[in-house]
Amino acid sequence: MKIATIAALAASLAAVPALANPDHAGHAAPAASPAATQARFTLDTPLGELMADPTARAVVEGVIPGMDKHPSYEMAKGMSLKQIQPYANGAITDEQLAKIGTGLAAIK
């Protein structure tokens, strides 16, 4: 393309308000990023992180008391509850995980 053609194209695009200024009044703001709408904690969050936060800890302890007192806690704290469940020999049920997941999702 010739420089004159590129300059003309740029000038014509700049004349369109939405292209010249994406935040132009009358246009919708960009949607929130997925990270901004995700829960702070999930069942995929490592157990140690959950237990370090007072609100998340209360959610976990409300459903499964004594998680941080278990003899295997130090070994398991880097794993999520979903990762721990298969090794828990039925001590962590799907229903318990669902309750914890709901409680964690409510934390902002």
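These notes cover the structure that comes with them. Keep in mind that this is a model prediction, so the values were computed, not measured.

**Here we look at the layout of surface pockets**
Next, step 1: As a volume, the largest pocket reaches approximately 370 Å³.
Next, step 2: Taken together, 16 residues line the largest pocket, and the ones lying closest to its centre are His 70, Ser 72, Ala 76, Ile 84 and Ala 88.
Next, step 3: It is helix 6 (residues 73-76) that provides the largest number of residues to the lining of the largest pocket, a total of 3 residues.

**Thoughts on the pattern of salt bridges**
Next, step 1: By the definition in use, this model includes 5 salt bridges.
Next, step 2: Residue Arg 40 pairs with Asp 53 through a salt bridge whose shortest N-O separation is 3.1 Å. Taken together, the residues span a long stretch of sequence, with Arg 40 in the loop between helix 3 (34-37) and helix 4 (47-52) and Asp 53 in the loop between helix 4 and helix 5 (54-63) at a distance of 13 residues.
Next, step 3: For Asp 53, a relative accessible area of 11% puts it in the buried group.
Next, step 4: A salt bridge links Asp 68 to Lys 69, with the shortest nitrogen-to-oxygen separation between them at 3.6 Å.

Criteria and cut-off values
Residues numbered from 1 in each chain as written. Predicted model: local features only at pLDDT ≥ 70, side-chain atom pairs only at ≥ 80, totals over all residues. Heavy atoms only, no water. 1 Å grid on protein atoms, 1.4 Å probe; cavity = no way out; pocket = protein on both sides within 12 Å on 5 of 7 lines; lining within 4 Å. Points joined across faces, edges and corners; volume = space filled by probe spheres on them. Helix = DSSP H or I, 4+ residues; strand = E, 2+ residues; numbered from the N terminus. Salt bridge = Lys/Arg side-chain N within 4 Å of Asp/Glu carboxyl O. Buried < 20%, exposed > 50% of the residue type's maximum accessible area, 1.4 Å probe, protein only.

By themselves, these are just geometric observations and shouldn't be taken as functional.
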